[in-house]
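Tertiary structure, described
Chain residues, written in single-letter form:
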Amino acid sequence: MALTKNTILSHKEIEHKIRRIAYQIYESNVNETHIVIAGIDENGYILAKKIKNQLDKISDIESILCRVKIDKNEPTKPITTSIDKEDYTNKSLVLIDDVLNSGSTLIYGIKHFLDVPLKQFKTAVLVNRNHKKYPVKADFKGISLSTSLFEHVHVNLSKQPYEAYLD
């Protein structure tokens, strides 16, 4: 018996969502000179790089890319970032992940960045699932899905063609 794979987003649709999220980030930061684009390892960071590339094309805001390392199985473990706290203190920051499932990864990521004052803090995801255990929301999202708890969303951004699918 073959496993079925239901495509949620095609390569072209993912590229469109990335461009749209970049424009939304720009619109909410139009008066800023710097913005930190923080992506949660692995796929969130890949998505953050793609959003940063689009943002750099459409705006003159200096964007700083940050890799956020969170143990997704134990998110209470120490979180590390590729840039120092001083580099995001008093700046506008967008925390990015590929899929918002239960909300635990995103909320612990948010908690980490709240240790310093920020000008503005937003979140972005490519796929927003409606099964959150934590009171966290995505400010910018590619698509929202109502899925069963037994379904799993996979996002491939590391090689073309990009795709998001449900199984």
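Rules used in this analysis
- Residues numbered from 1 in each chain as written.
- Predicted model: local features only at pLDDT ≥ 70, side-chain atom pairs only at ≥ 80, totals over all residues.
- Heavy atoms only, no water.
- Pairing = 2+ DSSP bridges.
- Helix = DSSP H or I, 4+ residues; strand = E, 2+ residues; numbered from the N terminus.
- Contact = heavy atoms within 4.5 Å.
- Axes fitted to C-alpha atoms, helices over the stretch in contact; angles between N-to-C directions.
- Phe/Tyr/Trp six-rings, centres within 6.5 Å; stacked < 30°, edge-to-face > 60°.
- Buried < 20%, exposed > 50% of the residue type's maximum accessible area, 1.4 Å probe, protein only.

A few points about the sheet that holds strand β6 (residues 120–129)
Consider a sheet: its strands pair through backbone hydrogen bonds, and that pairing is either parallel or antiparallel. If you trace the six strands from one edge of the open sheet to the other, you get β4-β3-β2-β5-β6-β7, paired in mixed fashion. The open sheet has two free edges, formed respectively by β4 (80–81) and β7 (140–145), since each of these has just one partner strand. Across five bridges, strand β2 (residues 34–40) lies against strand β5 (residues 92–100) in parallel orientation. In the sheet register, Ala 38 faces β5, and the bridge partner there is Leu 95. The strands touched by helix α1 (residues 11–28) are β2, β5, β6 and β7; relative to β7, the strand with the most contacts, the crossing angle is about 135°.

Digging into the packing of aromatic side chains
The tally for this structure, following the rule as stated, stands at three aromatic pairs. Ring geometry for Tyr 88 versus Phe 113: centroids 4.9 Å apart, planes at 70°, classification edge-to-face. Of this pair, Tyr 88 sits in helix α3 (residues 85–88) while Phe 113 sits in helix α4 (residues 104–113), and the two are 25 residues apart along the sequence. The pair formed by Tyr 88 and Phe 113 is uniform in burial state, with each residue classed as buried. On the numbers, 6.3 Å between centres and 70° between planes, the contact of Tyr 108 with Tyr 134 is edge-to-face. Taken together, the positions of Tyr 108 in helix α4 and Tyr 134 in the loop between β6 and β7 put the pair 26 residues apart, joining distant regions of the chain. Accessibility expressed as a relative area gives 22% for Tyr 108, which makes it partly exposed.

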